[in-house]
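Overview (structure and organization)
The primary structure of each chain is shown beneath.
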Amino acid sequence: MASAALELMGFFMGLFGMLGTLVATVLPYWQISAHIGSNIVTAVANMRGLWMECVYQSTGAFQCETYNSMLALPSDLQASRALMIISVVLSVLAIALAALGMQCTLCLEGSGTVKSRVAGTSGGLFLAAGFLSLIPVAWTTHEVVQTFYRPTVPTSMKFELGECLYVGLASALITMLGGGMLCVSCCDEQNGGRGRRHGGGYPYPMGGGVPGTGVRTTSQTYHNPTMQVGGINAASRGQTLVRNTSHSSQSSVHGVQGAKKPTAAGYDITGYV
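Residues numbered from 1 in each chain as written. Predicted model: local features only at pLDDT ≥ 70, side-chain atom pairs only at ≥ 80, totals over all residues. Heavy atoms only, no water.

Assigned secondary structure in the chain consists of 6 helices and 8 strands. The buried share of the chain, reckoned over its 273 residues, is 30%. Long-range pairs, those at least 24 residues apart, make up 61% of the contacts in the chain between residues at least 6 apart in sequence. Carbon and sulfur atoms provide 65% of the accessible area of the chain, an area that totals close to 16,400 Å². (Helix = DSSP H or I, 4+ residues; strand = E, 2+ residues; numbered from the N terminus. Buried < 20%, exposed > 50% of the residue type's maximum accessible area, 1.4 Å probe, protein only. Contact = heavy atoms within 4.5 Å. Areas by Shrake-Rupley, 256 points an atom, 1.4 Å probe, with all protein chains shown as cover.)

As structure tokens, then:
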């Protein structure tokens, strides 16, 4: 029950992390112009993102221009695009696998440990997705801070941290935490299944006869799986049904009655024909 709760929590945390990563990838609020020093005019605000650069005016006008050439972009911006896209794709794949491997779903029922392994795989994908989205966010944050405190850079060219950096950082941490919960729940479920033992032993026929007589004995042994424990012999816990059939005459049957009957651990039901 605890592992199922961890799986649900990890799934929803990974889902919310994926949505936050998608929002941070699309919106242009990665860098916002800093109004410091002589640049105190707040009528115009410049914003930069992974896909476009926007200008917001105090009159309410909002204009954006996408980057025309991808190859002309800086290498760090291209790498940031690729990492964020890969992170979103891995998160979507992890959500699909988690829906198959969680205990609260009916998919892959009766497949043994395959279901828990699928849930663990989805947790690993969430961890990888969160780590990949954390790299461009941390790198861009480092670049913005270093450029802001660099004295050789003009004040009009300095930027501050945008909202998408905070959203991306929180989404990456939430995604990684959700993936860790899925992995832990998978490990708990596998460890809990090691102590399970399945008792077997259902009726099997045994044929034989009493030497020196014309009596043929047929025996069937029924084992109760719920009463089997450890290394105790299953036959001592079973119920034995012994059925004696005779094809000899009535006189030969009375001669057999004096012989010693075989003992069995259970109930003996003997019939003569």
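What follows continues from the structure just given.
With the rule as written, the count across this model stands at 3 aromatic pairs. An angle of 55° between the planes, with centres 6.2 Å apart, marks the rings of Y56 and F62 as tilted. The ring of F148 has K158 lying over it, and the distance from NZ or CZ to the ring centre is 5.8 Å. (Phe/Tyr/Trp six-rings, centres within 6.5 Å; stacked < 30°, edge-to-face > 60°. Lys NZ or Arg CZ within 6 Å of the ring centre and 35° of its normal.)

Turning to the packing of helix α2 (residues 75-101) against helix α3 (residues 114-148), a few remarks are in order. Where α2 contacts α3, the two axes come as close as 8 Å, and the packing angle between them is 160°. Regarding the angle of α2 to α3, the classification is roughly antiparallel. Here α2 and α3 pass one another in a crossing that is left-handed. (Axes fitted to C-alpha atoms, helices over the stretch in contact; angles between N-to-C directions. Parallel < 35°, antiparallel > 145°, perpendicular 65-115°, else oblique. Left-handed = near helix turned anticlockwise from the far one by under 90°.)

On to the sheet that holds strand β3 (residues 52-57). Reading across the sheet, the 5 strands line up as β4-β3-β2-β1-β5 and stay open at both edges, with antiparallel pairing between neighbours. Each having just a single partner strand, β4 (62-66) and β5 (159-161) make up the two edges of the open sheet. Adjacent strand axes in the sheet meet at a mean angle of 25° when their direction is disregarded. Across 3 bridges, the pairing between strand β1 (residues 31-33) and β5 is antiparallel. Bridging across to β5, Q31 finds its partner in L161. Sitting on the sheet, α3 is in contact with β1 and β5, with an inclination near 140° to β5. (Pairing = 2+ DSSP bridges.)

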